[in-house]
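Fold and contact review
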Amino acid sequence: MPHVSLIRLYLLRAVYLTIAVGLALVVWPGVLRHAQPWGLSQGVVKCMLAAFSLLCVIGIRYPLQLLPVLLWEMSWKALWLLLVALPAWQSGQMDDGIAGTMFECAFAVIIPLLMPWRYVYAHYIRKQGDRWLESGVSSANRTRALP
């Protein structure tokens, strides 16, 4: 595995901490105290963001093990910017909601800059995946073991 410098680990921890604190200030008050039931989309978004903030808290302790949550964050924001914000801007239909979300997504630009890409490549691309079948068990033995 490639070496990840201590400074890079601290920078990743700072990203996790910033996300966790930001979501704690913005999302958690509404999660803990909402006066009316949420609609489907609003409920999904609030719960996903709350879960994401909890995973970022764990990421402070385990910055490399929680890289997939940063990859997810970077991916969905890049897709949203390309598939929603850019067409709205190009067509002149950028409204306040899209502009606000675009501003919020701009923070994600720091993630690819701090991502330890050699580690990501070695750990998630080159590394052998987990096995799909029980090792050392023949197919004949597997079928006999089924009820």
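Up top is the structure these notes are about.
Residues numbered from 1 in each chain as written. Predicted model: local features only at pLDDT ≥ 70, side-chain atom pairs only at ≥ 80, totals over all residues. Heavy atoms only, no water.

Quick look at the pattern of salt bridges now. This model, assessed by the stated rule, comprises 1 salt bridge. Here Lys77 ties to Glu73 by a salt bridge, and the two come within 2.6 Å at their closest N and O atoms. Of this pair, Lys77 and Glu73 both sit in helix α4 (residues 67–90), 4 residues apart, which is roughly one turn of that helix. As far as burial versus exposure is concerned, Lys77 and Glu73 are alike and both buried. (Salt bridge = Lys/Arg side-chain N within 4 Å of Asp/Glu carboxyl O. Helix = DSSP H or I, 4+ residues; strand = E, 2+ residues; numbered from the N terminus. Buried < 20%, exposed > 50% of the residue type's maximum accessible area, 1.4 Å probe, protein only.)

Time to look at the packing of aromatic side chains. Think of a pair of aromatic rings as described by two things: how far the centres are apart, and how the planes are tilted against each other in angle. Tallying each qualifying case throughout the model produces 2 aromatic pairs. Residues Trp72 and Trp76 carry aromatic rings whose centres are separated by 6.4 Å and whose planes lie at 45° to one another, so their mutual orientation is tilted. You can see Trp72 and its partner Trp76 sitting in helix α4, 4 residues apart, about one turn around the helix. Clustering of aromatic rings is evident, with ring pairs tying together Phe52, Trp72 and Trp76. Here the guanidinium or amino end of Arg13 rests over the ring plane of Tyr10, the centre of that ring lying 5.5 Å away. (Phe/Tyr/Trp six-rings, centres within 6.5 Å; stacked < 30°, edge-to-face > 60°. Lys NZ or Arg CZ within 6 Å of the ring centre and 35° of its normal.)

Bringing the side chain of Lys77 into the picture now. For Lys77, a relative accessible area of 9% translates into the label buried. Not counting chain neighbours up to four residues away, the residues in contact with Lys77 comprise Glu104, Cys105 and Ala108. (Contact = heavy atoms within 4.5 Å.)

Another aspect to go through is the packing of helix α3 (residues 40–61) against α4. Direction vectors running N to C along α3 and α4 enclose 140°, while the axes themselves pass 10 Å from each other. In terms of orientation, α3 lies oblique with respect to α4. The two elements α3 and α4 cross, and the hand of that crossing is left-handed. The segment α3 lies against α4, with Met48, Phe52 and Leu55 engaging Val69, Trp72 and Glu73. Residues belonging to the contact of α3 with α4 are distributed by class as follows: 5 nonpolar, no polar and 1 charged. (Axes fitted to C-alpha atoms, helices over the stretch in contact; angles between N-to-C directions. Parallel < 35°, antiparallel > 145°, perpendicular 65-115°, else oblique. Left-handed = near helix turned anticlockwise from the far one by under 90°. Nonpolar A, V, L, I, M, F, W, Y, C, P; charged D, E, K, R; others polar.)

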